[in-house]
Each structure stands twice: as C-alpha cells, then as structure tokens.
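# Fold and contact review
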Amino acid sequence: MQASEIRALFSVVSRPEVVSLAGGMPAVTALPLDAVGSMIGELVSGMGAQTLQYGSGQGDPRLRERICDVMALEGIHDASPSEVVVTVGSQQGLDLVTRVFCDPGDVVLAEGPSYVGALGVFQAAQARVRHVAMDDDGLIPEALEEALADCRANGDRVKFLYTVPNFHNPAGVTLSEERREAVMAIAEKHDLLIIEDNPYGLLGFEQEPLRALRARNSQRVIYLGSFSKTFSPGLRVGWVLAPLAVREKLVLATEAQVLCPPSLTQYAVARYLDTQPWREQIKIFAELYRERRDAALDSLAALMPAGTAWTQPQGGFYVWLKLPHGLDAKRMQPRAVGAHVAYVPGIGFFADGNGREFMRLSYCYPEPDQIREGVRRLARVIEAELDLHSTFDQVDTGSFRAITPGHDAESIVGPANSDTYEDGR
Amino acid sequence: MSETAPAPEPAAAADAPPLRAVVLAGGLTFEREVSLSSGTQVVEGLTRAGIDAELRDADAELLPGLAAAPADAVFIALHGATGEDGALRAVLDLAGVPYVGSAAAACRLAWDKPAAKSVVRSAGITTPDWVALPHSTFRELGAGAVLDLMVARLGLPLMVKPASGGSALGVQKVSRVEDLPAAMVSCFAYGDTVMVERYVEGVEVALAVVDLGDGPQALPAVEIEPESGVFDYSSRYTPGLTEYHAPARLDEDVARRAAELAVRVHEVLGLADLSRTDAIITPDGEVHFLEVNVSPGLTETSMFPMAVEAAGFELGEVLARLLANRAGRSR
C-alpha cells in the first residue's frame, strides 16, 4: 500500500461519523478565543505599521526575550535572546538545522519510532536515519552507544542525535532523569551533537517538567521549541536555541527561505505572553489532555484483546500501541476506516520499514466519550483481524498440490453471492 | 468506429432558465478522495455547459437540502458503497428526485462483482474464471484446503480483489503461492467477501458507454499502460505513472468487438446513461470482461473523460445532456 492509498483512506476522517484517533491537533477551542481575537485585532488597528511590515530575519527581539522566559520553565536559565532564532513552527527550525549540518549520505540518529515530520526533513536532505531503540523510559543509552559504535565501524558520518525527550511523538514516553544524564555523558564522550525537540514538555500531567537536555549542556545541544501545543499551531511560531556560531548560519538560511518569520503572528505570541495568563492556560490544556488520556487508557485497558500492549503517557498527546503478534496496522487500516475509526499506522514513524505491528493513537482532539467509542471500534477491528489471521496464518502453501494447467473452470462461480443478483434484477 | 456516439446537440436555448443540478461527491468510503475530485470536475463541466451545479456530500444534510432547494436532477459522482451499490439511488427514488445513471437494482447487481460476472457470462460474454468466498468459508472448511483447490483450478498468477469496491483498492496480483495467504488477509480488510480470479495476460482497456437518449453507444476504448506493469491505486491517481492511449492501439476488428462487448454488458446488466467496463484484451484479440462501474471516475486522470475527449466531445456537454434528459428537458 502506497502513501497515496493511506492518504485516500484518511480522507474520510473529515466526516463526523468517523472517530479520528489519527491527527495530533491541539484543542485550540480551549483558548479564551474572544480575548485572543481582540488582542490580535488591536495589533492590526493599533500597531499595523509594525505588525504588517517585514521584520528581522532572526525574529522579533521582544518575542525572543519572552521565549527565554518560557524556556526557563524547563530549567534553561542561561539562554540569551541573541541565541534564539524564531522560525515558522519548530518544523522550519528542524529543517534549517538539518540543512546546516547534513550533506547527502550523512547519518542522523533518531529514536525508533521517531516523529514523522522529522523523518521527512531528513529524507529531503538525503540524510540516512539510524534508529535507536527506546522503552518506557525513553531512548536506551546502551542502544545509543551501540549505534555510534556501528556507525564508526561502517565509516558513517553521524551528524547528530535527534530526540524528543518529553511525551514523545509517537511513543508517548519520557526520557528519565538518569537517562538524561547518561545520554549527555555519551554525547560528551563521542563528541555528539544533540537536537532536542521539545514541543510537549510543558504539557505534563503528573509532575513538574524534567530539566531539558539543553539545560545540562549549552554547547552540545540545539534546542527546538514551539508555541503550537501551548498556544496555537495556526500561528506557526517556533524557535531554535543554538550556540552563536550555529545561530549565524541559521539566520542566513532562514533569510534565504522565508526572509523573515511572519511579523503579525510573532507580535501575537509576544502580546499573548505579555498580557494573558498563559501559564494558567497551559494548566487548563494539560488538565483537558489528562482527562482525555485517562479516557484512552481506561478504555484500552477495558477493551483491548490479549496480546495488545500500549504505553502510559504522563503528558502530551499520544499512546503508542503494539498489536497482537502477526497483525499489521497498515493492512488493517481499511477495516478500521470501514468501522469508522482512524489511527496512524506505525510504519510511518520508521525510516527503515519497521513498525508494522504498531499504531499511534492521539487523544488530544476528540472528547472523552468519542475516545471511548473510538477505542471500542478499534477493539472490534483488532478482534476481527485476529479472527482472520487465525484462519490464514497456519496455511502451509508448501503442501499444495501441483497446478492443473488448462483446467476448464467454467462451473466456478461465486457461491457467496449467487442469490444477490437474482433479487437485484 | 461504428459504435461511437453522434455529437451532442447544441446547448439549450438561451432564454430557458438554467437547470439546477446537485452533484453528489465525497461519501464515507475508501474512495472519498477520488469522489471529491470527480465531483469537482463534474461541477466545472456542468457549469461550463450553462448548468447551475452545486457540489454536496451524501450526509445528513442532503435530504433536507434537496427538499429546501429542489434540483432538476442529481448527478451522482460518489464512488464506492452507497453511491454505487444502489442504496442512495433507492433513497432518491423514494424522494422522487431524478438522477443521472443506473437504477438502484441494476447498481446493486453491478456493484457485486461476482454476481455481475455470472450474469455477464450467462449472456455469453467471456470473463476470467473466478471464485468468490466469504471469510467464514475459509474458517469452516480450512483455509489451506480451500486455497489449495483455488490454485489448482485457477492456476497462477491470480488476481485477488474485494468482491465490491473500486479504484483498485485492495486488488493484488499474486504470482507466488506463498504470498496468497497474506494477500487474502489484506483483501478481507476491505470487505467480507474476496473474489479470486484467474489472471489473464493482455492489454487492459477501459470501455466507456454513454446513452444520450438514443441507445447506449460505446466511446473509443482507452488503453492503459501502467509504468509499474500493475494498474493499482497509485498508478491510477498519480499523474505520469500510467500512460493512456485514447483511442486504444487496437485493430479495427478488435476495437469493434470491444465496443460491442461494452454495450452488451451495459444492456444485460440493465444499466442506464453511463458506465465504464474494464476489460483485458489478450494477444490473440479475445476481449475478457473484468468489471463494470456505474459511477465511473471523472477525475482529471480518469478514463471516462479521456474516452469522451477521444470521441471528439466535451465532457461538460455530455454530462449536461445526460442531466437534461433526466430532468425531462431536451438540450
């Protein structure tokens, strides 16, 4: 099944009958929309000369200051606004960093699974992705060491490790405190650059954010941040925090791409941070997502057939589900669409064709009741698929008889439907 | 070509009020994306032909919408279930809304590929041997024994396809017996009955039939030459992945027999207005019926519009004429 087929299957997701556990859309309607609306209106009516004009390639200085305040919440206290480059979402930030560092054939290390949008960026740069295994505590340090050793043995040029340490997309897991230290030690030992992508870090349900990797080492980590999950993805405002030497290259690259990030949305974010209770709003978001996470985990526990396993996210948007042995999430997708439930097959989160038995479930957008209904439908789909596999998996085609060539099969007609056409005429 | 249609009449007189058409596209099936693309083309074509055409999804808003703002006729550009299996048309019949295309019962027959093949074969038309079975048969009789029989009787390669549905979704060519169980599993994800068909080597053609009021006429055959060798979903809807020849590069005699077959299929299945028969022409010139579509794709890369163009017609004019006929107004 090609990508275009997957897209075709997804086209029904826009219909309200379908419960989509596929998309990762933030619940923006939980924002104080009236307040945000008047704020943006005033930015145009009162400050149009600035907000509708070109801006600095590096991004609005006032916003860059406020971005440093945001990063302080995750332990980054030494960031200077001069090290921040505002980007069109952190997606553009990752693209810039990849363009600056990667030549065709270079190797990028990334968790397996990894964020699908990052894999797209690496593919466009013709970089090769070497996945590093993860478990419930995130990236496995020993697997990282092993990957580095393999690459060295192969003569591969490893340009960086790309990691989403908090509430991983798609795996839902978080890199533990001990492992953060271990990963930084490995980076130091092997002179490894780390790209820390952290869009979900402030959306934890149970505890305060863990200190960012960037907070532990300012020279070895390039940090990608985003307002897409804490404020609005439609504004497309993200950033890169990088050492000055790298920052200069990023600014040149972004000027070549987009000249400057959009002024209006940068002013909107800066004004939002200046005038609105944004920390409280993040708590409102987290509480809403926690309720939806609970709906997802409770119904998975109640309904999934034996042999199904899933992660227990403590924040963010996603559950990563492993199907019972032998099932293939991509092959099962038409059945799921037919049952009016959508998910993202796991294979899309691997650059090497792995992940067939996995799927990503998003609980961020549907209401808890819809999530429960979606999981109910999904459980029935998996059960039907298990039933199908129990029929066909044991077939030993090696024992089939020889083919009888030229056999006249005129009498072979469709017995399963032989009554259908008679009353249909 | 003797079976091609005459050119449509000139458009309606300028003083008549424009016909109002509702074009149905979207739906809740695997083919939603294709359908939306078809529907957009239909709306553009009808608008060019001077018809007031509006695109709508087949959802809970449809019937109240049609009641509030009646259409002179509906054009169904829905692919897949509901649009093609006759269900929606039965509802439009209940509502007394005229629509372009085949009646509900004929659609139901054509939608069921094995049933349609039975009828077509009974009428003396060649079609590859097949067997269609639900999952329960494999479970109850043992999948190994049933698949063994299928391979022994039908040989290899085999075509494995869902018993209903279009756009080649779920269709696979199986050349090695060890790939057959996995192909069955994939195919059953699309529906509860799978049709396994003997593979016939040859040139694949699409045979469009249109009835502008004076009986079904075949349009020139469109020959399909997929770059990959298999005319699957990607080959169909990715521009450049398939080369089409319209009219097909066929001998005059073969082209005539292909056209006759398409018209005959249209007639024996009781179809109306338009259809597209997919067929294989073997190297010795034999035409094999594969399946027929009552709601053929009308996207920019679809074969029905290519056939219309190859006949020297304008798609919008042809669709407008079909619509006007159903609305009881001549064009």
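Residues numbered from 1 in each chain as written. Chains lettered and ligands numbered in written order. Predicted model: local features only at pLDDT ≥ 70, side-chain atom pairs only at ≥ 80, totals over all residues. Heavy atoms only, no water.

Let's shift gears to the packing of aromatic side chains. The full count for this structure, using the stated rule, is 16 aromatic pairs over all chains. Judged by centre distance (5.9 Å) and plane angle (35°), the rings of F392(A) and F188(B) are tilted. With F392(A) in helix α12 (residues 368–392) and F188(B) in helix α8 (residues 180–188), this residue pair bridges two chains. Note on accessibility: F392(A) and F188(B) belong to one class, buried. (Phe/Tyr/Trp six-rings, centres within 6.5 Å; stacked < 30°, edge-to-face > 60°. Helix = DSSP H or I, 4+ residues; strand = E, 2+ residues; numbered from the N terminus. Buried < 20%, exposed > 50% of the residue type's maximum accessible area, 1.4 Å probe, protein only.)

In terms of domain boundaries, chain B breaks down into domain 1 (20–101 + 318–327), domain 2 (108–126 + 201–312) and domain 3 (130–198). Measuring from the centre of the C-alpha atoms in domain 1 of chain B to the corresponding centre in domain 3 of chain B gives 34 Å. (Domains from an automatic or database assignment.)

Residue and element names in this part refer to chain A. A sheet is described by the order of its strands in space; here 4 strands give the open sequence β10-β11-β14-β13, paired in antiparallel fashion. The open sheet has two edge strands with one neighbour each: β10 (309–310) and β13 (344–345). Pairing between β10 and strand β11 (residues 318–322): 2 bridges, direction antiparallel. Among the inter-strand pairings, A309 is bridged to a residue of β11, identified as K322. (Pairing = 2+ DSSP bridges.)

It is worth spelling out the sheet that holds strand β6 (residues 158–163) of chain A at this point. Residues and elements named next belong to chain A. Read across the open sheet, the 8 strands follow the order β2-β9-β8-β7-β6-β3-β4-β5; overall the sheet is mixed. The sheet terminates laterally at β2 (84–87) and β5 (138–139), the two strands that pair on one side only. By the bridge criterion, 3 bridges tie β6 to strand β7 (residues 194–197) in an arrangement that is parallel. Its bridge partner being in β7, T163 is matched across the sheet by E196.

Formed by 66 residues in total, the largest nonpolar core has its most connected members in L63(A), M71(A), F227(A), Y289(A), M332(A), M359(A) and L361(A). Filtering out sequence-adjacent residues up to four positions away, L63(A) remains in contact with V86(A), F227(A), V237(A), Q266(A), V269(A), A270(A) and L273(A). (Core = buried A, V, L, I, M, F, W, Y, C linked by side-chain atoms within 4.5 Å. Contact = heavy atoms within 4.5 Å.)

This part takes up the pairing of strand β9 (residues 203–210) of chain B. Side-chain positions along a regular strand alternate between the two faces of the sheet. All names here are of chain B. Counting buried positions over the 8 residues of β9 gives 7, a clear majority of the element. As paired strands, β9 and strand β11 (residues 222–226) are joined by 3 bridges and run antiparallel to one another. Bridge assignment links E204 to a residue of β11, and that residue is I224. Relative to strand β10 (residues 217–218), β9 runs antiparallel, the two being bridged by 2 bridges. In the sheet register, V210 faces β10, and the bridge partner there is Q217. Between the antiparallel neighbours β9 and β10 lie 6 residues, among them G213 with a positive phi of about 125°.

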